[in-house]
Amino acid sequence: MPSATEPSDPGKSLGASRFRAGFERWNRKLHFYTGLFLLFFMWLFAFSGLLLNHPSWSFAESWNNRKETNHEREITAPGPEAKGDLGQAREILRQLGIEGEILWTTTRTDANLFEFQVRRPGHFFFIKADLAQERVTVRQSDVNLWGVIKVLHTFTGVQMEDARQSRDWALTSVWAFSMDAVAVGLIFMVLSSLYMWFELPQKRLLGAVVLGLGSLSCGLFCLALRWLF
């Protein structure tokens with residue numbers, strides 16, 4: 001008869017130990033490689049966040065140093081197959097050879113006058129089309145690398161205040177998918193860090209203090225400011 005101190009099922013205990021050891025090994029590996037994948041994304045967002053938080057830094061000025069060009073082009077007025085403003089805008093862009101995210105157009109009081117904007121990181125296009133005259137005026141603003149970095153921090157392809165807005169440029173969708181991957185990766189790294197911290201008894205107290213301070217700081221901005229001020 002086994003003693004009270006011996007495991008009742010040695011095979012089950014050995015299997016659980018192997019599973020735990022395998023889980024810890026893969027948790028460390030995935031934490032390590034996920035961090036390497038996210039490294040440059042995090043540097044990008046950290047640096048662009050600093051630029052946005054300190055607009056007075058003159059070395060990173062982009063909009064005031066932008067380059068602007070204006071030109072006119074003849075086009076063929078979009079046919080009936082180009083449905084709606086978005087369809088007409090796409091057809092005009094195809095003829096102009098411009099790619100980017102189409103913003104919603106201005107209210108049209110004249111069906112022959114069509115104005116809209118197109119954006120992609122580093123480039124802004126302001127397009128005015130006279131469909132009756134079949135001419136388009138394009139004002140293009142190009143910003144420097146600092147401007148591109150700033151735009152990437154907030155570039156989503158949609159205007160949250162306008163429910164009609166949707167992504168209509170393939171690269172915008174690729175960028176948005178990449179940002180989803182970064183968000184999921186960060187969530188995983190936080191959870192895996194919590195597990196590795198808890199598995200180190202000698203680090204639990206200090207880790208708990210740091211975790212508590214971080215939670216309080218985040219809670220101050222997310223919740224407490226609404227109640228206190």
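Because the structure is a prediction, the values reported are computed rather than measured. (Residues numbered from 1 in each chain as written. Predicted model: local features only at pLDDT ≥ 70, side-chain atom pairs only at ≥ 80, totals over all residues. Heavy atoms only, no water.)

Caption draft 1: Highlighting unusual backbone geometry. Even without a glycine there, the phi angle at glutamate 134 is positive, about 55 degrees. Positionally, glutamate 134 belongs in the loop between β4 (123-130) and β5 (135-142). Given the relative accessible area of 33%, glutamate 134 is considered partly exposed. (Helix = DSSP H or I, 4+ residues; strand = E, 2+ residues; numbered from the N terminus. Buried < 20%, exposed > 50% of the residue type's maximum accessible area, 1.4 Å probe, protein only.)

Caption draft 2: Here's a closer look at the pattern of salt bridges. In the structure shown here, the tally under the stated rule is seven salt bridges. Residue arginine 20 is joined to glutamate 24 by a salt bridge in which the shortest nitrogen-to-oxygen separation is 3.4 Å. Highlighted residues: arginine 20 and glutamate 24, both in helix α1 (residues 10-53), separated by four residues, approximately one helical turn. Across the salt bridge formed by glutamate 199 and arginine 20, the nearest N and O atoms sit 2.5 Å from each other. Remark: arginine 20 occurs in helix α1 and glutamate 199 occurs in the loop between α4 (170-198) and α5 (204-228); sequence separation between them is 179 residues. Note on arginine 20: relative accessible area 44%, which makes it partly exposed. A single network of salt bridges, built from pairs that share partners, joins Arg20, Glu24 and Glu199. (Salt bridge = Lys/Arg side-chain N within 4 Å of Asp/Glu carboxyl O.)

Caption draft 3: View of the packing of aromatic side chains. What the rule picks out here adds up to eleven aromatic pairs. Judged by centre distance (5.8 Å) and plane angle (50 degrees), the rings of phenylalanine 47 and tryptophan 146 are tilted. Remark: tryptophan 146 occurs in helix α3 (residues 145-154) and phenylalanine 47 occurs in helix α1; sequence separation between them is 99 residues. Judged by centre distance (5.0 Å) and plane angle (40 degrees), the rings of phenylalanine 114 and phenylalanine 116 are tilted. Of the two residues examined, phenylalanine 114 and phenylalanine 116, each falls in the buried class. Here the aromatic cluster, defined as three or more aromatic residues joined through ring pairs, consists of Phe47, Trp57, Phe59 and Trp146. The ring of phenylalanine 126 carries the charged tip of arginine 139 above its face, separated from the ring centre by 4.1 Å. (Phe/Tyr/Trp six-rings, centres within 6.5 Å; stacked < 30°, edge-to-face > 60°. Lys NZ or Arg CZ within 6 Å of the ring centre and 35° of its normal.)

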